[in-house]
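Observations on the model geometry
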Amino acid sequence: MDTKTVNAGEQVDRQSRILDAVLELLSRHGISGVNMRAVAREAGVALGLVNYYYADKPSLIRAVLGRIGESDMRLVSPDPEALPDEQLRDALRRVAAPEILTTQYLSLRLHLWALAQADEEFAAINAEAFDQYLDGLAALIGNAKPGLSPEECKDRAADIVVVQNGMWLTSLLGIDKSSIERSIVRTEEIAFAD
């Protein structure tokens, strides 16, 4: 057995557990609930291990914001086997997937939005991730509606994000599921309008 592969796998697993713990703490307590000791306890690892991978609380938060940005990009990742229309519809529906419409995930998003308002560095990371998501969604719109200009695609993507964010807040408030479906339909109308 290759010990380098095992060690690399263990390292990724530990870092993943640490970041999962940060996400959990953020969703439950906000930024004030995140400290190195609490993260170690939540992750079930030694404090020294958290300090080994992450120098301080801001580095933990940066890593988590990066992970959320990657997750957001998966929401708009096209399936190369699908037609452009299907790729766009799939992406518009992914934001209402059961694993996203959970109190824990939506609470986390609220805390991250608030965090971006409180810290310039985190705001910059959040803005970059948002721009990447918007660009990914605009690209899907452009592929499905090739007659649109890049600016029109970006405008539609921005309008869709407003509806999606409203859908997330609606879900967090426990409003009926039919409103979520109407929101998805509305995003499709925006995306596919002539």
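Remember, predicted model here, so these are calculated numbers, not experimental data.

1. Topic: the overall build of the protein chain
When you go through the protein chain residue by residue, the secondary structure sums to nine helices and zero strands. Start at the N end of the protein chain and walk to the C end: the helices and strands fall as α-α-α-α-α-α-α-α-α. Each of the 194 residues in the protein chain was classed as buried or not, and the buried ones make up 41%. The contacts in the protein chain between residues at least 6 apart in sequence include a share of 65% that link residues at least 24 apart. A distance of 6 Å separates the average location of the 20 positive side-chain charges in the protein chain from that of its 30 negative side-chain charges.

2. Observations regarding the packing of helix α8 (residues 150-172) against helix α9 (residues 177-192)
As a packed pair, α8 and α9 sit with axes 9 Å apart at the nearest point and diverge in direction by 180°. The angle between the axes of α8 and α9 places the two elements in the roughly antiparallel class. Along its contact with α8, which presents R156, D159, I160, V163, Q164, M167, T170 and S171, the element α9 presents S179, I180, S183, I184, R186, T187, I190, A191 and F192. A class-by-class count of the residues in the contact of α8 with α9 yields eight nonpolar, six polar and three charged.

3. Structural notes on the layout of surface pockets
Estimates place the volume of the largest pocket at around 360 Å³. In terms of lining, the largest pocket is formed by 17 residues, of which the most central are I68, S71, E99, Y105 and L108. Of all the elements in the fold, those that place two or more residues in the lining of the largest pocket are α1 (3-29), α4 (57-75) and α6 (103-118). Ranked by the residues each element gives to the lining of the largest pocket, the list is headed by α4, at five residues.

4. Things to note about the nonpolar core
Counting residues in each nonpolar core, the largest one holds 30 residues, and the members touching the most others are L88, Y133, L137, I141, I160 and A191. The residues contacting A191, other than those within four sequence positions of it, are L88, L92, I141, K145, R156 and I160. Judged by nonpolar contacts, the second largest core, of 27 residues, contains M36, A40, L65 and L112.

5. A short note on empty space enclosed by the protein
Any space left empty among the atoms is revealed by the rolling of a water-sized probe across them. Going through the model one piece at a time under the given rule, you end up with one cavity of 30 Å³ or more. Of the volumes computed, that of the largest cavity is approximately 30 Å³. The wall of the largest cavity is formed by L106, R109, L110, W113, W168, L169 and L172. Per element, the largest residue contribution to the lining of the largest cavity is four residues, and it comes from α6. Among the residues forming the lining of the largest cavity, the class breakdown is six nonpolar, no polar and one charged.

Calculation notes
- Residues numbered from 1 in each chain as written.
- Predicted model: local features only at pLDDT ≥ 70, side-chain atom pairs only at ≥ 80, totals over all residues.
- Heavy atoms only, no water.
- Helix = DSSP H or I, 4+ residues; strand = E, 2+ residues; numbered from the N terminus.
- Buried < 20%, exposed > 50% of the residue type's maximum accessible area, 1.4 Å probe, protein only.
- Contact = heavy atoms within 4.5 Å.
- Lys, Arg positive; Asp, Glu negative; His and termini not counted.
- Charge placed at Lys NZ, Arg CZ, Asp CG, Glu CD.
- Axes fitted to C-alpha atoms, helices over the stretch in contact; angles between N-to-C directions.
- Parallel < 35°, antiparallel > 145°, perpendicular 65-115°, else oblique.
- Nonpolar A, V, L, I, M, F, W, Y, C, P; charged D, E, K, R; others polar.
- 1 Å grid on protein atoms, 1.4 Å probe; cavity = no way out; pocket = protein on both sides within 12 Å on 5 of 7 lines; lining within 4 Å.
- Points joined across faces, edges and corners; volume = space filled by probe spheres on them.
- Core = buried A, V, L, I, M, F, W, Y, C linked by side-chain atoms within 4.5 Å.

Everything listed here is a matter of geometry and, on its own, says nothing about what the molecule does.
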